[in-house]
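Structure assessment
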Amino acid sequence: MEKNGSITKLILVQAEQIARQFTYDFLSEQQGDQTLCQIIQRDEDGSILATPLSFHVKISEEKGTGEIIYYHENGEFKRQLVNIYEENSLINVLTFIQERLRINR
């Protein structure tokens, strides 16, 4: 995660906190200029039962803009633009993640 800029780190830290609220694990991996994030459900033995949400975070730290691409088992299902200069842009991303996890409960 050391290659991630501050905007990406903020999104990852907040997404992880949301995942933990729903007792999911959060994994992230740098892939070139984007970060793959997976929110996973494990059983008592630690085996993966499901992946309620996966997404790529692709942010231009210099511009303060980018997008989040969400995936489910059938592939991509939503793209969400991020612009730190627009009111509620980051809040909208985190709210979507939270609502999506709530639906999957």
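Before going into details, it helps to say that this report is about the structure given with it.

Analysis parameters
- Residues numbered from 1 in each chain as written.
- Predicted model: local features only at pLDDT ≥ 70, side-chain atom pairs only at ≥ 80, totals over all residues.
- Heavy atoms only, no water.
- Salt bridge = Lys/Arg side-chain N within 4 Å of Asp/Glu carboxyl O.
- Helix = DSSP H or I, 4+ residues; strand = E, 2+ residues; numbered from the N terminus.
- Buried < 20%, exposed > 50% of the residue type's maximum accessible area, 1.4 Å probe, protein only.
- Pairing = 2+ DSSP bridges.
- Axes fitted to C-alpha atoms, helices over the stretch in contact; angles between N-to-C directions.
- Contact = heavy atoms within 4.5 Å.
- Core = buried A, V, L, I, M, F, W, Y, C linked by side-chain atoms within 4.5 Å.

So, on to the pattern of salt bridges. One pass over the structure, following the stated rule, counts 6 salt bridges. With its nearest N and O atoms 2.8 Å apart, the salt bridge here joins Glu67 to Arg79. Taken as a pair, Glu67 in strand E4 (residues 65-72) and Arg79 in strand E5 (residues 75-83) lie far apart in primary sequence, 12 residues in all. Here Glu99 ties to Arg102 by a salt bridge, and the two come within 2.6 Å at their closest N and O atoms. Linking Glu99 with Arg102, this pair stays in helix H2 (residues 89-103), spanning 3 residues, or about one helical turn. Take Glu99: its relative accessible area is 35%, and that puts it in the partly exposed class. Salt bridges sharing partners connect three or more residues here, namely Glu67, Glu76 and Arg79.

Attention now moves to the sheet that holds E5. Strand order in the open sheet formed by 5 strands is E1-E2-E3-E4-E5, and the pairing between neighbours is antiparallel. Edge positions in the sheet fall to strand E1 (25-31) and E5, since each of these pairs with one other strand and no more. Sheet twist, expressed as the average angle between the axes of neighbouring strands with direction ignored, equals 20 degrees. Two elements, E4 and E5, share 8 bridges in a ladder whose sense is antiparallel. Residue pairing across strands places His72 opposite Gly75, the latter belonging to E5. Across the sheet, helix H1 (residues 6-21) touches E1, strand E2 (34-42), strand E3 (48-60) and E4, and the angle it forms with E3 is around 160 degrees. Here H2 sits on the sheet and contacts E2, E3, E4 and E5; the angle it forms with E5, its principal contact strand, is near 150 degrees.

The next point concerns the nonpolar core. For soluble globular proteins, nonpolar side chains are generally found buried alongside one another. Within the largest apolar cluster, 23 residues are counted, with the highest numbers of intra-cluster contacts made by Ile39, Phe55 and Ile97. Residue assignment for this core shows that the elements contributing at least two residues are H1, E2, E3, E4 and H2. The element contributing the most residues to this core is H1, with 6 residues. Among residues more than four places away in sequence, those in contact with Phe55 are Ala15, Phe26, Thr35, Leu36, Cys37, Ile39, Ile68, Ile69, Tyr70, Tyr71 and Ile97.

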